[in-house]
Amino acid sequence: MIDSHCHLNDSMFDNDLEEVIDDVFASGLDKVICVGADYLSSVKAGEIANSHDNIYYTIGVHPDDCKTYTEDDIEDLIVNATDKLVAIGEIGLDYFHNKDNKFKQIEAFESQINLAVKHNLPIVVHCRDAYGDCLEVLKRFAPLDTGVVFHCYSGSLEYARELLKLGVKISFTGSVTFNNAKNIQEVAKNLPLDSFFFETDSPYLTPTPHRGERNTPKNVFDVAKFVANLRGMDVNELIKITDQNAKTFFRIK
């Protein structure tokens, strides 16, 4: 199985990264995508991916860090990347933490979309409390044939359907397993099978039954099991389908 979005480059893994990676692949995962959130974490994601088999990476600047964004920095990382680079992200809009810099967030988001188009890379979108503006930005760039995925989806089923009209994919984290996540569960239950895949966003959003523990990529199995149960499907069949969705999206064999 593939964990399509994790942060092995997070400081929470600094003391035991190699042990975590060994445990992840021993658990049965065969692919992991390590995601950048600013310049330095993007560099670190590349270093981790390039020194380990079956780990890939993304580069980008998260909206919370948009004040540090420069287009030249990210383009330099793209130009000097290896074939382990699979996307630009996570990028997007987040008005939960800061509403005062909306213009700067949108500017950085659009700039990174332009880079993705220029270099033929898909984008990984972070969206929190900014659904209207995020949709408007994506509509301005539609159709984004390089590919778009909304990671850690937390919106409504109606909003998800609007995204699907634009060809956007959806990714579910451990948050779908939370007791108060009925809206996310409704989405996971009703989306077409070809439109979504799974991630952990580790070390965050640890799924049930591991709440309270540090999340790791191997817990992506628990996300898949939960959604399979929601849909009344065999978990292995769901994993087969969603893994192929993710590998096709990120162009991983």
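Located above this text is the structure these notes cover.
Trainee: A description of helix α4 (residues 102–118) should follow, citing residues and the corresponding values.
Mentor: With 17 residues, α4 should reach 24 Å at 1.5 Å per residue; the first-to-last C-alpha distance of 24 Å fits that figure. Within α4, burial applies to Q105, I106, A108, F109, S111, Q112, I113, L115 and A116. Tucked into the core, α4 has its buried residues touching α3 (71–79), β4 (85–94), β5 (123–128) and α5 (131–141). One or two steps after α4, the chain reaches N120, where phi turns positive at roughly 55 degrees.

Trainee: Kindly report on the pairing of β5, identifying the contributing residues and their values.
Mentor: Within β5, five of the six residues are buried, leaving the element largely enclosed by the surrounding structure. The sheet contact formed by β4 and β5 spans five bridges and is parallel. By the bridge assignment for β5, D94 is matched with R128. Regarding the hand of the β-α-β motif, the stretch spanning β4, α4 and β5 is right-handed.

Trainee: Summarise the packing of aromatic side chains; cite the residues concerned and give the values.
Mentor: Per the counting criterion, the structure on display carries eight aromatic pairs. An angle of 85 degrees between the planes, with centres 4.8 Å apart, marks the rings of F249 and F250 as edge-to-face. Taking relative accessible area as the criterion, F249 reaches 9% and is therefore assigned buried. For F250, a relative accessible area of 3% gives the class buried.

Trainee: Explain the packing of α3 against α4 to me, and be specific about the residues and the numbers.
Mentor: Contact geometry for α3 and α4: axes closest at 10 Å, N-to-C directions at 25 degrees. By the angle class used here, α3 and α4 are roughly parallel. Along this stretch, α3 crosses α4, giving a crossing that reads as right-handed. For the pair α3 and α4, the contacting residues are E71, I74, E75 and I78 in the first and S111, Q112, L115 and K118 in the second. Considering only residue class, the contact of α3 with α4 consists of three nonpolar, two polar and three charged.

Trainee: I'd like a rundown of the side chain of S175, residues and numbers included.
Mentor: For S175, the position within the fold is in the loop between β7 (169–172) and α7 (182–190). A polar side-chain atom of S175 sits 2.8 Å from a polar atom in the side chain of T173. In this view, S175 contacts C152, Y153, A181, I184 and L205; residues no more than four positions away in its chain are not counted.

Basis of the calculations
Residues numbered from 1 in each chain as written. Predicted model: local features only at pLDDT ≥ 70, side-chain atom pairs only at ≥ 80, totals over all residues. Heavy atoms only, no water. Helix = DSSP H or I, 4+ residues; strand = E, 2+ residues; numbered from the N terminus. Expected span 1.5 Å × (residues − 1). Buried < 20%, exposed > 50% of the residue type's maximum accessible area, 1.4 Å probe, protein only. Contact = heavy atoms within 4.5 Å. Pairing = 2+ DSSP bridges. Right-handed = clockwise from strand over helix to strand, strands pointing away. Phe/Tyr/Trp six-rings, centres within 6.5 Å; stacked < 30°, edge-to-face > 60°. Axes fitted to C-alpha atoms, helices over the stretch in contact; angles between N-to-C directions. Parallel < 35°, antiparallel > 145°, perpendicular 65-115°, else oblique. Left-handed = near helix turned anticlockwise from the far one by under 90°. Nonpolar A, V, L, I, M, F, W, Y, C, P; charged D, E, K, R; others polar. Polar contact = N/O pair within 3.5 Å; in protein donor to acceptor, adjacent residues only side chain to side chain.

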